[in-house]
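Structural description and commentary
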Amino acid sequence: MIPVNFAYCRPCTPEEAVQSYTAYEKAGKKTLYYGGGSEIISMARVGSITPEAVVDLKEIPACCELKEEGSYINMGGALSLRAIADSQCFPLMGKAVGRIADHTNQCRITLGGNLCGTIIYREAVLPLLLTESEVSLQGPEGVRRLPLQKVFDGRMRLLPGEFILKVHVPKKYAQMPYLHVKKAPTEKIDYPAVSLAAIIEKGKLKIAFAGICSYPFRSKEMEAALNDTAMDITQRLNKAVELLPEKPADDVHCSRGYRELLFKNMLGQVLAELSAGSKAGAKS
Ligand SMILES: Cc1cc2nc3c(=O)[nH]c(=O)nc-3n(C[C@H](O)[C@H](O)[C@H](O)COP(=O)(O)OP(=O)(O)OC[C@H]3O[C@@H](n4cnc5c(N)ncnc54)[C@H](O)[C@@H]3O)c2cc1C
């Protein structure tokens, strides 16, 4: 049971959603955009958040869109992870979101919720970081479309009142060889100890990680080291550890030492596959 009352509205257009959000905030109500609600409901149940109003985005057609337009694949912010995986529109994205939670929760968790939630892994962002993806943000001043990397630095940096309307992935990346590997501490379905997504573009590895540090990231310096064939694989793996943006996470799920070991093993596997020139695919 949620121990507090809150207002709920389900607008049909992006403009109405922003108007409702702004009106609730002006009335002094703490307001949240609402995707699948899995995080909002579980946190409200235990009292760690106390929203006074929520604006559900799932009735807005643009937020539920999944289609090709020009050279992009557009994915609405309120699409469920399962809808994205089932569509097979972007196989690497399908693999990454298909390993978040279980099937039932994937039907509920939304793309916008995964990217903007407080749970640190945000694994749906990994393929987006590799593909020069863009994001359309709806806010009080209208829509701004910009490279995802401009508004993502481990978490989404949205302006007050903004929400993710759509994500735009360049279609060409859907055809490229890819790898997705996720290792969880115990069960197959769990938060990641280390999760990685990689694309091979013109023979070069592009790679992004979640779980190893306290936020998801892609590091071009690390990619340069991993692609540097003047070093042997052991040297490249050691360099990758040195280039982590912070020490590996150390928490109740997994120790720092174990995470580092997994990170090196998983990367070693990726480099071995890359140098063998084998057809990339999904791993778990
Ligand atoms: C059982 C379970 C297992 C999980 N395992 C993983 C995992 O392995 N890896 C992983 O990465 N995550 C995992 N998660 C975390 C999950 O992806 C997040 O909790 C996510 O926030 C839930 O999405 P939602 O759509 O239900 O979000 P909601 O609860 O609706 O919203 C969460 C937050 O995002 C905001 N928000 C929602 N939609 C938008 C939008 N379009 N624009 C802007 N802000 C928005 C809300 O205001 C709120 O602050 C797991 C969650 C569950 C319940």
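Every chain's residues receive numbers from 1 upward, in the order its sequence appears when written. Residues qualify for local features only when their pLDDT is at least 70, as the model is predicted, and side-chain atom pairs are given and counted only at 80 or more; totals for whole chains, interfaces and linings, by contrast, use all residues.

What about the packing of helix α10 (residues 233-242) against helix α11 (residues 256-276)?
The angle between the axes and the distance between the axes are what describe a pair of packed helices. What counts here: Whenever a helix is involved, its axis is fitted only over the stretch in contact; in every case the axis is a line through C-alpha atoms, and angles between N-to-C directions fall within 0 to 180 degrees. Elements are defined by DSSP. Helices are runs of H or I of four residues or more, strands are runs of E of two residues or more, and each kind is numbered from the N terminus. Angles are sorted into four bins: roughly parallel if under 35 degrees, roughly antiparallel if over 145, roughly perpendicular if 65 to 115, and oblique for all others. In this scheme, a crossing is called left-handed if the near helix is turned counterclockwise away from the far one by less than a right angle; it is called right-handed if the turn is clockwise. What counts as a contact is two residues whose backbone-derived C-beta atoms lie within 7 Å of each other. In this classification, Asp, Glu, Lys and Arg are treated as charged, Ala, Val, Leu, Ile, Met, Phe, Trp, Tyr, Cys and Pro as nonpolar, and every other residue, Gly included, as polar.
For the pair α10 and α11, the least separation of the axes is 10 Å and the interaxial angle reads 135°. Judged by the angle between their axes, α10 and α11 are oblique. In terms of crossing hand, the pair formed by α10 and α11 is right-handed. When α10 is examined against α11, the residues I233, R236, L237, A240 and V241 are found in contact with a partner set consisting of E260, F263, K264, L267, G268 and L271. In terms of residue class, the contact of α10 with α11 is made up of 7 nonpolar, 1 polar and 3 charged.

Some points on the sheet that holds strand β12 (residues 217-218)
Where we set the bar: A pair of strands counts as paired when DSSP detects no fewer than two bridges linking them.
Sheet architecture is open: 4 strands sit in the order β9-β10-β11-β12, paired in antiparallel fashion. Only two strands of the sheet have a single partner each, and these edge strands are β9 (178-183) and β12. Relative to β12, strand β11 (residues 204-210) is paired through 2 bridges, and the arrangement is antiparallel. By the bridge assignment, F209 is partnered in β12 with F217. Sitting on the sheet, α11 touches β9, β10 (194-201) and β11, and the angle it makes with β10 is about 20°.

A few points about the pairing of strand β3 (residues 53-56)
So the rule is basically this: By definition, the crossover connecting two strands over a helix is right-handed if that path, from the first strand to the second, turns clockwise as seen with the strands pointing away from the viewer.
Across 3 bridges, strand β1 (residues 7-9) lies against β3 in parallel orientation. What sits directly across from A7, in β3, is A53. Bridge analysis of strand β2 (residues 31-34) against β3 gives 4 bridges, and the strand direction is parallel. Within the sheet, the bridge partner assigned to L32 lies in β3 and is V54. For the crossover from β2 across helix α2 (residues 38-45) to β3, the handedness is right-handed.

Here we look at α11
Where we set the bar: The span you would expect from a helix comes to 1.5 Å times its residue count less one. Backbone-placed C-beta atoms define the burial measure: a residue is buried with 20 or more other C-beta atoms within 10 Å of its own, exposed with 12 or fewer, and partly exposed in between. As used here, the arc belongs to the directions running from the helix axis to the C-beta atoms.
Over its 21 residues, α11 extends 30 Å from the first C-alpha to the last, a length consistent with the 30 Å expected when each residue adds 1.5 Å. Those residues of α11 that sit buried are R259, L262, F263, M266, L267, V270 and L274. For α11, the angular spread of buried residues about the axis comes to 125°, placing them on one side. In α11, the exposed positions angled more than 90 degrees off the buried face are occupied by G257, A272, S275 and A276. Buried residues belonging to α11 abut β9, β10, β11 and α10.

Some points on helix α1 (residues 14-26)
Over its 13 residues, α1 runs 18 Å from end to end, which matches the ideal 18 Å to within 8%, given 1.5 Å per residue. Those residues of α1 hidden inside the fold are in contact with β1, β2, β3, β6 (134-139) and β8 (163-170). Phi turns positive, to about 85°, at G28, one or two residues after α1.

Overview of the site of the ligand
Just so we agree on the cut-off: Each residue gets a C-beta atom placed from its backbone. Should that atom fall within 6 Å of a molecule or strand, the residue is termed near it. For the purposes of this description, domain bounds are those given by an automatic or database domain assignment.
Near the ligand there are 31 residues, and of these G35, G36, G112, G113 and G117 occur at the shortest range. Among the elements of the structure, β2, α2, α6 (111-116) and β8 are those that each provide at least two residues to the shell around the ligand. By residue number, the principal contributor to the shell around the ligand is α6, which donates 4 residues. Mapped onto the domain boundaries, the shell around the ligand takes at least three residues apiece from domain 1 (7-56) and domain 2 (61-170).

Let's talk about the pairing of β6
Pairing between β6 and strand β7 (residues 142-147): 6 bridges, direction antiparallel. Counted as the bridge partner of G139 is G142 from β7. In sequence, β6 turns back onto β7 through a hairpin of 2 residues. Both β6 and β8 contribute to a ladder of 5 bridges, which runs antiparallel. Within β8, the position partnered with S136 by the bridge is K166.

Notes on the domain arrangement of the chain
Each assigned domain of the chain is listed here: domain 1 (7-56), domain 2 (61-170) and domain 3 (177-276). One C-alpha centre belongs to domain 1, the other to domain 2, and the line joining them spans 19 Å. Of the residues lining the interface, 10 residues belong to domain 1; the matching set on domain 2 comes to 18 residues. Contributing elements (two or more residues each) for the side of domain 1 that touches domain 2: α1 and α2. Ranked by residues supplied to the side of domain 1 that touches domain 2, first place goes to α1 with 5 residues. Its residues placed into classes, the side of domain 1 that touches domain 2 shows 5 nonpolar, 4 polar and 1 charged.

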